[in-house]
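Tertiary structure, described
As a plain string of letters, each chain reads:
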Amino acid sequence: MPIEIRTASTASEAAGLLAGDRQARLLSGGTLLMRDLNEGRLTDGVLVRLTDPAYRQIGVSGSRVELGAGVTMAMILKRRELACLHGAARAIGGPAVRNMATVGGNLFAETPYGDFTVALLALDAQVMVLQGYGAPRAVGLEEFLAGRGRASSGLVTAVQVTLPQNPLDLRFRKVSRVRPKGIAVLSIAALLPTSGGRVTGARVAYGAMAPTPIRAKAVERALDGKALDAATIAAVRAVATEGTRPATDAVASDWYRREVLPVHLARLLSGQE
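Scope of this entry: the structure provided in the associated data block. Counting starts from 1 at the beginning of each chain's written sequence and moves along it residue by residue. Reporting in this predicted model follows two pLDDT cut-offs: at least 70 for local features of residues, and 80 or more for side-chain atom pairs to be given and counted; totals over whole chains, interfaces and linings ignore these cut-offs and use all residues. Neither water nor hydrogens contribute to the side-chain values; these are computed over all heavy atoms in the structure.

**Remarks on the packing of helix 10 (residues 230–239) against helix 11 (residues 254–270)**
We apply this condition: Angular values range over 0 to 180 degrees, each being the angle between N-to-C directions of two axes fitted as lines to C-alpha atoms, with helices fitted over their stretch in contact. Labels follow the DSSP assignment, with helices taken as runs of H or I lasting at least four residues and strands as runs of E lasting at least two, numbered in each case from the N terminus. In what follows, roughly perpendicular refers to angles from 65 to 115 degrees, roughly parallel to angles under 35, roughly antiparallel to angles over 145, and oblique to any angle outside these ranges. Crossings are assigned a handedness: left-handed for a near helix turned anticlockwise from the far helix by less than a right angle, right-handed for a clockwise turn. Two residues qualify as a contact provided that any one of their heavy atoms is within 4.5 Å of a heavy atom in the partner residue. Only Asp, Glu, Lys and Arg are considered charged in this grouping, and only Ala, Val, Leu, Ile, Met, Phe, Trp, Tyr, Cys and Pro are considered nonpolar; every other residue, Gly among them, is considered polar.
It is the contact of helix 10 with helix 11, at a shortest axis distance of 9 Å, that shows an interaxial angle of 150°. Classified by the angle between their axes, helix 10 and helix 11 sit roughly antiparallel to one another. Read as a crossing pair, helix 10 and helix 11 show a hand that is right-handed. Where helix 10 approaches helix 11, its residues Ile233, Val236 and Arg237 are matched on the opposing element by Pro262, Val263, Leu265, Ala266, Leu269 and Ser270. Looking at side-chain class alone, the contact of helix 10 with helix 11 contains seven nonpolar, one polar and one charged residues.

**Brief notes about the sheet that holds strand 3 (residues 45–50)**
Stated formally: Pairing between strands is defined by DSSP: at least two bridges between the two strands are required.
Read from one edge of the open sheet, three strands run 1-3-2, paired in parallel fashion. Strands with a single pairing partner mark the edges of an open sheet, and in this sheet they are strand 1 (3–8) and strand 2 (25–27). Averaged over all neighbouring strand pairs, the angle between strand axes comes to 35°, with direction disregarded. The pairing of strand 2 with strand 3 spans three bridges and is parallel. Residue pairing in the sheet places Leu26 in a bridge with Val48 of strand 3.

**Focus: helix 1 (residues 11–20)**
The condition is simple: Here the term buried applies to any residue with accessible area under 20% of the maximum for its type, exposed to any over 50%, and partly exposed to those in between, with areas from a 1.4 Å probe on protein chains only.
When helix 1 is considered as a whole, its buried residues turn out to be Ala11, Ala14, Ala15, Gly16, Leu17 and Leu18. Elements that come into contact with the buried residues of helix 1 comprise strand 1, strand 2, strand 3, strand 6 (126–130) and strand 8 (155–162).

**What to know about the sheet that holds strand 9 (residues 170–176)**
Two orientations exist for strands paired in a sheet by backbone hydrogen bonds: parallel and antiparallel. The strand order across the open sheet formed by four strands is 9-10-13-14, and the pairing between neighbours is antiparallel. In this open sheet, the two strands that pair with only one neighbour each are strand 9 and strand 14 (214–215). When strand 13 (residues 203–207) meets strand 14, the two strands line up antiparallel, connected through two bridges. Among the inter-strand pairings, Ala205 is bridged to a residue of strand 14, identified as Arg215. Sheet contacts for helix 7 (residues 115–122): strand 9, strand 10 (184–191), strand 13 and strand 14; angle to strand 10, the most-contacted strand, approximately 20°. Sitting on the sheet, helix 11 is in contact with strand 9, strand 10 and strand 13, with an inclination near 35° to strand 10.

See below:
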């Protein structure tokens with residue numbers, strides 16, 4: 001059967017359409033889905049459009065932010081209160097792509113894409129998932145990524161994050177061969193709150209170092225309670241690749257990704273460009 005486009009006016013309606021047809025796919029920004037369609041990898045099935053305004057809204061209440069899944073990278077870059085996310089949003093393609101690429105779509109982007117999700121993982125984001133006609137439930141992003149792609153995952157309606165008190169506590173770096181908008185060799189996001197000159201509650205995430213974005217838990221343990229000095233950074237470099245499973249693709253080999261990860265992580269932690 002040819003591609004069929006169906007339009008839903010509410011998130012519940014869209015979730016119902018997706019639940020009723022396991023092969024149906026949500027058309028959000030379309031930066032990846034339309035590529036598959038144009039290049040012939042997707043030739044039939046149902047695409048669901050969601051026109052609910054809430055799907056593209058940004059809600060800010062103090063440090064708590066809710067990003068509708070249809071919010072684009074360009075929309076994030078226009079909001080000054082989201083400054084800590086600007087580096088990750090700016091890493092998504094060029095201006096034309098950022099005008100279309102959405103928060104929700106980035107959650108499903110296959111490696112080596114999905115750089116914005118890496119920053120969300122470092123912020124301990126919660127994903128709001130709607131199944132059928134029920135109420136949305138909050139799922140931790142780490143748990144969501146572990147089960148990503150399952151048919152029962154439901155419709156992502158929004159992502160909730162708590163912004164750091166100091167926007168500079170969130171550091172982000174994308175490493176690519178073609179700058180500024182090349183595909184990632186790898187990406188790193190690090191939330192580094194400090195107290196008394198020592199890191200407290202570090203959260204570090206990698207992109208393109210596993211099938212989905214992952215936490216760098218060995219790095220977090222090496223950072224917690226330590227000053228960001230040369231000794232700490234050396235200790236972090238020694239455990240930087242623990243738990244990683246990078247792929248070999250057209251961008252880089254798994255060996256190369258493991259080799260350069262400690263170098264770029266050290267630069268990120270030391271504040272080097």
